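# Summary of structural features
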Amino acid sequence: MARGSTTRKIWWALWLFWSLVIVQQIVLDARFGAPVQWLILQVVPLLVFVPWVLRDNLHSLIWLSFVLLGYFVLAVQTAFARPGDGVALAGVFLQVILFLVAALYIRFRGRELRRQQTPEVMEK
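Residues numbered from 1 in each chain as written. Predicted model: local features only at pLDDT ≥ 70, side-chain atom pairs only at ≥ 80, totals over all residues. Heavy atoms only, no water.

### Structural notes on the packing of helix 2 (residues 36–47) against helix 4 (residues 58–81)
What counts, and what does not: Lines fitted to the C-alpha atoms define the axes, with helices restricted to the stretch that makes contact. Angles between their N-to-C directions range from 0 to 180 degrees. A run of H or I in DSSP counts as a helix once it spans at least four residues, and a run of E counts as a strand once it spans at least two, with each numbered from the N terminus. Angular relationships are summarised with four words: roughly parallel below 35 degrees, roughly antiparallel beyond 145, roughly perpendicular across 65 to 115, and oblique for the angles in between. The contact rule is simple, with two residues in contact once any of their heavy atoms fall within 4.5 Å. Under the scheme applied, nonpolar residues are Ala, Val, Leu, Ile, Met, Phe, Trp, Tyr, Cys and Pro; charged residues are Asp, Glu, Lys and Arg; polar residues are all the others, including Gly.
One way to put it is that helix 2 packs onto helix 4 with a least axis distance of 10 Å and a crossing angle of 155°. Compared by their axis directions, helix 2 and helix 4 come out roughly antiparallel. On helix 4, the residues that touch Leu-41, Gln-42, Val-43, Pro-45 and Leu-46 of helix 2 are Leu-64, Val-67, Leu-68 and Tyr-71. In terms of residue class, the contact of helix 2 with helix 4 is built from eight nonpolar, one polar and no charged.

### Looking at helix 5 (residues 86–117)
The cut-off we apply is this: Take the residue count of a helix, subtract one, and multiply by 1.5 Å to get its expected span. By the criterion applied in these results, polar contacts are pairs of N or O atoms within 3.5 Å in which, for protein atoms, one can donate a hydrogen and the other can accept it, and in which residues neighboring in sequence qualify only through two side-chain atoms.
Relative to the 46 Å expected for 32 residues at 1.5 Å per residue, helix 5 spans 45 Å between its end C-alpha atoms, a close match to the ideal helical length. Here helix 5 starts with a cap whose side-chain oxygen sits 3.2 Å from the backbone nitrogen of Val-87, and that cap is Asp-85.

### Some points on the side chain of Glu-112
Rules: Whether a residue is buried, partly exposed or exposed follows from its accessible area with a 1.4 Å probe, protein chains only, as a fraction of its type maximum: under 20%, in between, or over 50%, in that order.
Relative to the helices and strands, Glu-112 resides in helix 5. With a relative accessible area of 11%, Glu-112 lands in the buried category. Excluding its chain neighbours within four sequence positions, the residues that come into contact with Glu-112 are Ala-2, Arg-3, Gly-4 and Thr-7.

Honestly, that's just the spatial picture; any functional story needs more than this.
This is the structure in structure tokens:
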């Protein structure tokens, strides 16, 4: 089903911030010489949801939001452990933004999908 202009913009913002969170996770650990296996473990939970989000499955976005909460806790711990580290602070910021964008997309896209499925019910 086609997206409206608002949900299309939120969709692109979702992918932008999701990509930035992944890059931030890699940069955060790669700066200190983390092994590749650790970097893969950091990124795989974020990438697991890609196929379902591409299919516009809103439930997968809800689960991604739950996974992001774990990343957020780690980002806050890292930000407090390394005060003044811009990459750690950027992680907190990016994860909050991604969570909010995902929530907005779920809200607006859910309304669109309901409206497209049952237009006569929505008019009453």
